[in-house]
Amino acid sequence: LNISPDLVTSTIQLDNANLKIVLKNALDVVIDTADDGSDAPFAGDNSSPKKSMERNSSPGDGAVSGSWHSAITSVNLDPTASESATPKAANGL
């Protein structure tokens, strides 16, 4: 990254298989969901070059694969980075 992250921790691990992330508020109400916990992530690519999973500009249901795409551009990464991701910036699609 060539920007400061909002959070740095080694206590969280996001696996590339069986991923399901559920965002809840302080009252334990579900705000959003990313992926459905099935075998493969809806989008992204962990091979080389790596591509992050990004939400579509018309978000839709986060538990539905059609709401996601693989990153197509690089923003806020080091100039020599080969990965595609847009941390702290608008997604590519």
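That block above? That's the structure.
As the structure is a computational prediction, the values presented were derived from the model and not from experiment.

Conventions used here
Residues numbered from 1 in each chain as written. Predicted model: local features only at pLDDT ≥ 70, side-chain atom pairs only at ≥ 80, totals over all residues. Heavy atoms only, no water. Salt bridge = Lys/Arg side-chain N within 4 Å of Asp/Glu carboxyl O. Helix = DSSP H or I, 4+ residues; strand = E, 2+ residues; numbered from the N terminus. Buried < 20%, exposed > 50% of the residue type's maximum accessible area, 1.4 Å probe, protein only. Patch = residues over 30% accessible without salt bridge, like charges linked within 9 Å, V, L, I, M, F, W, Y side chains within 5 Å. Areas by Shrake-Rupley, 256 points an atom, 1.4 Å probe, with all protein chains shown as cover. Pairing = 2+ DSSP bridges.

> Explain the pattern of salt bridges to me, please; I cannot follow it from the model alone.
Pairing is possible between side chains that carry opposite charge, provided their charged atoms lie close to one another. Across all of its chains, the model carries 3 salt bridges by this definition. As a salt-bridge pair, Lys 24 and Asp 28 come within 3.5 Å of each other at their nearest N and O atoms. The partner of Asp 32 in a salt bridge is Arg 55, with the nearest N and O atoms 2.9 Å apart. Residue Asp 32 is located in strand β2 (residues 30-34), and its partner Arg 55 is located in strand β3 (residues 53-55); the two are separated by 23 residues in the primary sequence. The exposure class of Asp 32 is partly exposed, given its relative accessible area of 30%.

> Would you mind going over a nonpolar patch on the surface with me for this structure?
Among the surface-exposed residues, Leu 7, Ile 12, Leu 14 and Ile 21 lie close enough to one another that they form a single nonpolar patch of about 410 Å² accessible area. Summarising the element assignment, Ile 12 is placed in the segment before β1 (21-24). Look at Ile 12 and you get exposed, because its relative accessible area is 52%.

> What is the right way to look at the pairing of β1 in this model?
One face of the sheet, then the other: side chains in a regular strand alternate in exactly this way. Judged from the 4 bridges that link them, β1 and β2 form a sheet pairing that is antiparallel. Note on β2: the bridge partner recorded for Ile 21 is Ala 34. In this structure, the hairpin formed by β1 and β2 is closed by a connection of 5 residues, where Asp 28 is found at a positive phi of approximately 70°.

Fair warning: the whole summary comes from geometry, so function is off the table for now.
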